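What follows is each chain in one-letter form.
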Amino acid sequence: MTMSAQDDGRAPPPGACAPDVSVIVPCYNEQANVVPMVQALRRVLAGRRWEVIFVDDNSPDGTAEAVAAIARSDAHVRCVRRIGRRGLSSAVIEGVLSSCAPVVAVMDGDLQHDEARLPDLIDAVASGASDIAVGSRHVEGGDNAGLANAWRHALSDGGIRLAQAVLPVRLTDPMSGFFAARRDLFVQTAPRLSATGFKILLDLVMSAPQRPRVTEVACGFKPRLAGESKLDTLVLIQFATMVLDKLANGWLPTRFMGFAFVGAVGVLVNLAVLEGLRALGAGFVTAAWGGTICAIMTNFWMNNRVTYADRRLRGARLWSGLALFVVVCLVGAFANVGIGSQFHVARHEWGHAAAIGAVIGVVWNYAVSSTLVWRAR
């Protein structure tokens, strides 16, 4: 029997109907996973009207080119290539908004999500039984053995406990990046989404105008075959700031809270270095400068990785950004040390003097971060 184009999962004939489901795959440096991903989707979605939309953040490894090579002969495959924008959550939002299918599914481009469970997620939403269907590692039949080590298990478990404390619905795996949803619900919720960080599911559930009906489907978490894991401590920090953003109903935006967190860390670094140098016999001015310089470097690194993850500086721009950040922050550092010194002379209190000076420097660093170093392009 001859297999039709629709049955073998390849390009539908001209004039074919629009897809019933769009699979959104946010990716960065996943070139080696593109072909296996498309092959897996062809297999599990055979007989359906489907498409996969890879949303690539201009990966230097040629991910977009790999997708384009397949798309030239397979109309199921599309690529949205973003220039000057980064971030998993914002990539998912752009992918969903580029679709017209009534059901959208989201999965990572690293092949760790079990694509065999994708039809169950899609059917749970397409049937009208659920608004969102989540692939969960923590219901009977699911597992997360694919997480690389005990530390990543601990990070994932910590994020789950944090999210479960504030979610309006019960979810055993709110950290999951594998789910399906009604596209109209997603589009309706999109203006409320923070669009930062790596965990779009929690953002969607907490931002929906009405409490969504959620189904969980057991799934496994396979070992990564290529690329690098994106789950680290900084991702969990972004996750926590997003939760705070939702609890504050948007009055304290995620990026502002990232500023505040980075600034608090900078203050602690400043004070720790100052006290360390003081213990070694340094005078106040020398100790304050040492603390200030260490705080500046810490703030730059954390802002680049956390606060401005979607505008992260790399390559030559990283070094020019660091140079600009250091130069401009030195202006704030003079105020930091000068004000701190005056307070120290007047009160003879190291801790209070250093804290007041550090706060002045942190405020200046925030202004620099938003207007000069990581400005939107």
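So, here's what we can say about the structure. (Residues numbered from 1 in each chain as written. Predicted model: local features only at pLDDT ≥ 70, side-chain atom pairs only at ≥ 80, totals over all residues. Heavy atoms only, no water.)

Attention now goes to the pairing of strand β3 (residues 77-81). For strand β2 (residues 50-56) and β3, the ladder comprises five bridges, and the chain directions are parallel. In the sheet register, V52 faces β3, and the bridge partner there is V77. (Pairing = 2+ DSSP bridges. Helix = DSSP H or I, 4+ residues; strand = E, 2+ residues; numbered from the N terminus.)

With respect to the element layout, V262 can be found in helix α9 (residues 254-279). Sequence separation of V262 and Y366 is 104 residues, and the distance between their C-alpha atoms is 9.2 Å. Discounting residues that sit within four places of it in the chain, V262 has contacts with N299, M302, N303 and T307. (Contact = heavy atoms within 4.5 Å.)

Once that is clear, we can look at unusual backbone geometry. Even without being a glycine, N29 presents a positive backbone phi close to 55°. Relative to the assigned elements, N29 resides in the loop between β1 (21-27) and α1 (34-44). Taking the relative accessible area as the measure of exposure, N29 reaches 29% and is therefore partly exposed. Even without glycine at this site, N58 takes up a positive phi of about 55°. With respect to the secondary-structure elements, N58 resides in the loop between β2 and α2 (63-71). The partly exposed category is assigned to N58, whose relative accessible area is 28%. (Buried < 20%, exposed > 50% of the residue type's maximum accessible area, 1.4 Å probe, protein only.)

Sheet architecture is open: seven strands sit in the order β3-β2-β1-β4-β6-β5-β7, paired in mixed fashion. Of all the strands in the sheet, the pair left with one neighbour each is β3 and β7 (214-218). Ignoring strand direction, the axes of neighbouring strands in this sheet form an average angle of 20°. Pairing of strand β5 (residues 132-136) with strand β6 (residues 179-182) involves three bridges; the strand directions are antiparallel. (Axes fitted to C-alpha atoms, helices over the stretch in contact; angles between N-to-C directions.)

A word on α2. Every buried residue of α2 is accounted for by T63, A64, A66, V67 and I70. The buried side chains of α2 occupy one side of the element, clustering within an arc of 160° when seen end-on. Turning to α2, the residues buried within the fold contact β1, α1, β2 and β3. (Arc of directions from axis to C-beta.)

This brings us to the nonpolar core. In this structure, V23, L41, L45, V52, F54, M107 and L118 are the most contacted members of the largest nonpolar core, which totals 31 residues. Of all elements in the fold, only β1, α1, β2, α2, β4 (103-106) and α4 (118-126) reach the threshold of two or more residues within this core. Setting aside residues up to four positions removed in sequence, V23 forms contacts with L41, L45, E51, V52, I53, A105, M107 and L118. Membership of the second largest hydrophobic core comes to 28 residues, among which are V55, V104, I132 and M206. (Core = buried A, V, L, I, M, F, W, Y, C linked by side-chain atoms within 4.5 Å.)

This next bit is on the packing of aromatic side chains. Counted according to the given criterion, the structure contains four aromatic pairs. Ring centres of Y308 and W374 lie 5.0 Å apart, and the angle between their planes is 5°; this geometry places the pair in the stacked category. Residue Y308 is located in the loop between α10 (284-307) and α11 (315-347), and its partner W374 is located in the segment after α12 (350-373); the two are separated by 66 residues in the primary sequence. Considering the side-chain rings of F325 and W374, the 5.7 Å spacing of their centres and the 65° angle between planes classify their relative orientation as edge-to-face. Here F325 is found in helix α11, whereas its partner W374 is found in the segment after α12, with 49 residues between them in sequence. Within the aromatic cluster, the residues linked to one another by ring pairs are F300, Y308, F325 and W374. (Phe/Tyr/Trp six-rings, centres within 6.5 Å; stacked < 30°, edge-to-face > 60°.)

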